[in-house]
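Analysis of the macromolecular model
So you can see what is in the structure, the chains are spelled out below.
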There are 2 protein chains.
Amino acid sequence: MIFRINQSAGVPLYIQLMEQVKHAVELGALREGDQLPTIRKVAEELVINPNTVVRAYRELEHEGVLELKHGSGAFITEPSGKRAPLIAKAQAIVQSAIDRLAALGLTEEELRRIFESQLAQVRAEGRMEKQKG
Amino acid sequence: MIFRINQSAGVPLYIQLMEQVKHAVELGALREGDQLPTIRKVAEELVINPNTVVRAYRELEHEGVLELKHGSGAFITEPSGKRAPLIAKAQAIVQSAIDRLAALGLTEEELRRIFESQLAQVRAEGRMEKQKG
DNA sequence: CAAAGTGTACTATTCAAGTAATACACTACA
DNA sequence: TGTAGTGTATTACTTGAATAGTACACTTTG
């Protein structure tokens, strides 16, 4: 598991970390029992404070995604679920769309704004699932 | 111009407002000379503090997107540019992708994570334009 | 058993976002 | 000319994110 964070995104770092772990689990890249990188190691690699990583891990534990074992490490507890193929399919769709958009010469910022705008549209129309399943 | 904000998104409200104005300009929905809703009106509609709106508008002014005219209002200064058709095309691509994804029964959160993950991918590979043009 | 590596627990501090309330200054318009 | 509606300015406060540093407790491994 390799984390990528964006310091200037406005989104709290611990949220970014949480999202990435969740995504890896949803995709099946992380499975039940897998060990996550150490709090200290993550903090060191990303040059952020260990407390920030602690916060992310602890919230994930609270949500039942992983388990923190005192003295030994953080381990995934949530089974990858049957949705993994669905997520993989969705990922393919997104990838092809982003590829086309990148080829058009769009900026990341422009792309983000378009994405948010369209998402808000779908949300407002109630066409988006609110809970898994 | 109608604003939509998401209080629980983690993204600062003034940033959300800025992004939406920029997007409207990029898309050509807002043109040079168009007046934006009043600071007080926006604050009232969204039930947020006027200072937050002021901040968004002021930063947009600083970026040259709009002009604040004391006593009269906020007006777009930036021409819509030749990129409008490009943005419109991009928007169509995104819309069709999101429609397909929504139909799959994906959650907004799942979709966001997939989007961020793929975007990070493209960014890391340097396949994304960094400046307009 | 000892040491290294892990998570846990504190306290203090800094910074940005957002709220709240008030007063002021300029402009458009009847 | 006045008044309503606009942006401007200021001060104070609350909250959450993130940093910084230190000490402690548990587990694994040699």
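The sections below set out a description of the structure shown in this document. None of these values were measured; they are calculated from a predicted model.

A few points about the protein's contact with DNA strand C
Close to DNA strand C lie 22 residues; A:Arg40, B:Leu13, B:Asn51, B:Arg55 and B:His70 are nearest. Note that a phosphate oxygen of DNA strand C is positioned 3.2 Å from one of the backbone N or O atoms of A:Ile39. With respect to DNA strand C, the side chain of B:Asn51 contributes an N or O atom lying 2.8 Å from a base nitrogen. Elements that contribute at least two residues to the surface near DNA strand C include exactly α2 (39-46), α3 (50-62), β2 (66-69) and β3 (73-76) of chain A together with α1 (13-27) and α3 (50-62) of chain B. Residue classes in the surface near DNA strand C are distributed as seven nonpolar, eleven polar and four charged.

Considering the relation of the copies chain B and chain A
The transform that puts chain B on chain A rotates by 180° and translates by 0.0 Å along the axis, for an RMSD of 0.1 Å. Between the two chains, the operation in question is that of a two-fold axis. For chain B, the smallest separation between a C-alpha atom and the rotation axis is recorded for B:Val11, amounting to 2.8 Å. Taken as a fraction of all interface residues of chain B, those also at the interface in chain A reach 100%, which identifies the copy contact as same-surface.

Here we look at the protein's contact with DNA strand D
In the vicinity of DNA strand D there are 23 residues, among which A:Leu13, A:Thr52, A:Arg55, A:His70 and B:Arg40 approach most closely. When atoms of DNA strand D within 4 Å of the protein are split into backbone and base, the sugar-phosphate part holds 62%. Measuring from a phosphate oxygen of DNA strand D, one finds a side-chain N or O atom of A:Tyr14 at 2.8 Å. Taking B:Arg40, its side chain carries an N or O atom lying 2.8 Å from a base oxygen of DNA strand D. With three residues, α3(A) is the largest single contributor of residues to the surface near DNA strand D. Among the residues forming the surface near DNA strand D, the class breakdown is seven nonpolar, twelve polar and four charged.

Section: the sheet that holds β2(A)
Residues and elements named next belong to chain A. In space, the three strands of this open sheet follow the order β1-β3-β2, with antiparallel pairing throughout. Taken across any chain shown, the strands that pair with only one partner, and hence form the sheet edges, are β1 (35-36) and β2. In the sheet, β2 pairs with β3 via four bridges, with the strands oriented antiparallel. Directly across from Lys69, in β3, lies its bridge partner Gly73. Set on the sheet, α3 makes contact with β1, β2 and β3; between it and β2 the angle comes to about 120°.

Here's the deal with the pairing of β3(A)
Residues and elements named next belong to chain A. Sheet topology note: the β1/β3 ladder contains two bridges and is antiparallel. Bridge pairing in β3 links Gln35 to Phe75. A loop of three residues connects β2 with β3, the two strands running antiparallel in sequence, and Gly71 in this loop sits at a positive phi of about 90°.

Quick notes on the sheet that holds strand β2 (residues 66-69) of chain B
Residue and element names in this part refer to chain B. Spatial strand order, β1-β3-β2: three strands in an open sheet with antiparallel pairing. Two strands bound the open sheet, and with one partner strand each, they are β1 (35-36) and β2. Across the sheet, α3 lies against β1, β2 and β3 (73-76), angled at about 120° from β2, the strand it touches most.

Re the interface of chain B and chain A
With 49 residues of chain B in contact, the opposing surface of chain A contributes 49 residues. At the boundary of chain B with chain A, total buried surface from both sides reaches about 5,000 Å², with 61% on carbon and sulfur atoms. The interface formed by chain B and chain A contains twelve salt bridges. Between B:Arg83 and A:Glu110 there is a salt bridge whose closest N-O contact spans 2.7 Å.

Reading the values: the criteria
- Residues numbered from 1 in each chain as written.
- Chains lettered and ligands numbered in written order.
- Predicted model: local features only at pLDDT ≥ 70, side-chain atom pairs only at ≥ 80, totals over all residues.
- Heavy atoms only, no water.
- Near = heavy atom within 4 Å.
- Polar contact = N/O pair within 3.5 Å; in protein donor to acceptor, adjacent residues only side chain to side chain.
- Helix = DSSP H or I, 4+ residues; strand = E, 2+ residues; numbered from the N terminus.
- Nonpolar A, V, L, I, M, F, W, Y, C, P; charged D, E, K, R; others polar.
- Least-squares fit on C-alpha atoms with pLDDT ≥ 70 in both.
- Contact = heavy atoms within 4.5 Å.
- Pairing = 2+ DSSP bridges.
- Axes fitted to C-alpha atoms, helices over the stretch in contact; angles between N-to-C directions.
- Buried area = accessible area lost by both parts, 1.4 Å probe.
- Salt bridge = Lys/Arg side-chain N within 4 Å of Asp/Glu carboxyl O.

Bear in mind that shape data such as this cannot, by itself, settle questions of function.
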